[in-house]
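Descriptive analysis of the structure
Read off the chains here:
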Amino acid sequence: MAVNAKKIAVYVLVVFALYVIITDPAKAADYVQIAFEGISDAAKAIGDFMTWLADGAKN
């Protein structure tokens, strides 16, 4: 049952993404940029945390 729900959710997300890309490519590009900025910020935060740990978790 959970697998079917997951497949349906993925299908809905793909259809929505295609709809946005087809109807408004500029807005779709903005969404992609926002997503990559979020991923980049998260990776930087993880890197900063790991550096903090490697330095002995000092303030």
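Reference entry: report on the structure contained in this document. What you are looking at is a predicted structure, and each value in this text was computed from that prediction instead of being measured.

Check the secondary structure of the protein and you find two helices and zero strands. Relative to its length of 59 residues, the protein is extended, with a C-alpha radius of gyration of 18 Å against a globular reference of 10 Å. Counting only C-alpha atoms, the protein reaches 50 × 35 × 10 Å along its principal axes. When burial is assessed residue by residue, the protein has 3% of its 59 residues classed as buried. Just so you have it, the protein exposes about 5,300 Å², and 72% of that area is on carbon and sulfur atoms. Distance between charge centres in the protein, computed from 5 positive and 6 negative side chains, equals 12 Å.

Analysis parameters
- Residues numbered from 1 in each chain as written.
- Predicted model: local features only at pLDDT ≥ 70, side-chain atom pairs only at ≥ 80, totals over all residues.
- Heavy atoms only, no water.
- Helix = DSSP H or I, 4+ residues; strand = E, 2+ residues; numbered from the N terminus.
- Rg over C-alpha atoms; globule rule 2.2 N^0.38 Å.
- Buried < 20%, exposed > 50% of the residue type's maximum accessible area, 1.4 Å probe, protein only.
- Areas by Shrake-Rupley, 256 points an atom, 1.4 Å probe, with all protein chains shown as cover.
- Lys, Arg positive; Asp, Glu negative; His and termini not counted.
- Charge placed at Lys NZ, Arg CZ, Asp CG, Glu CD.

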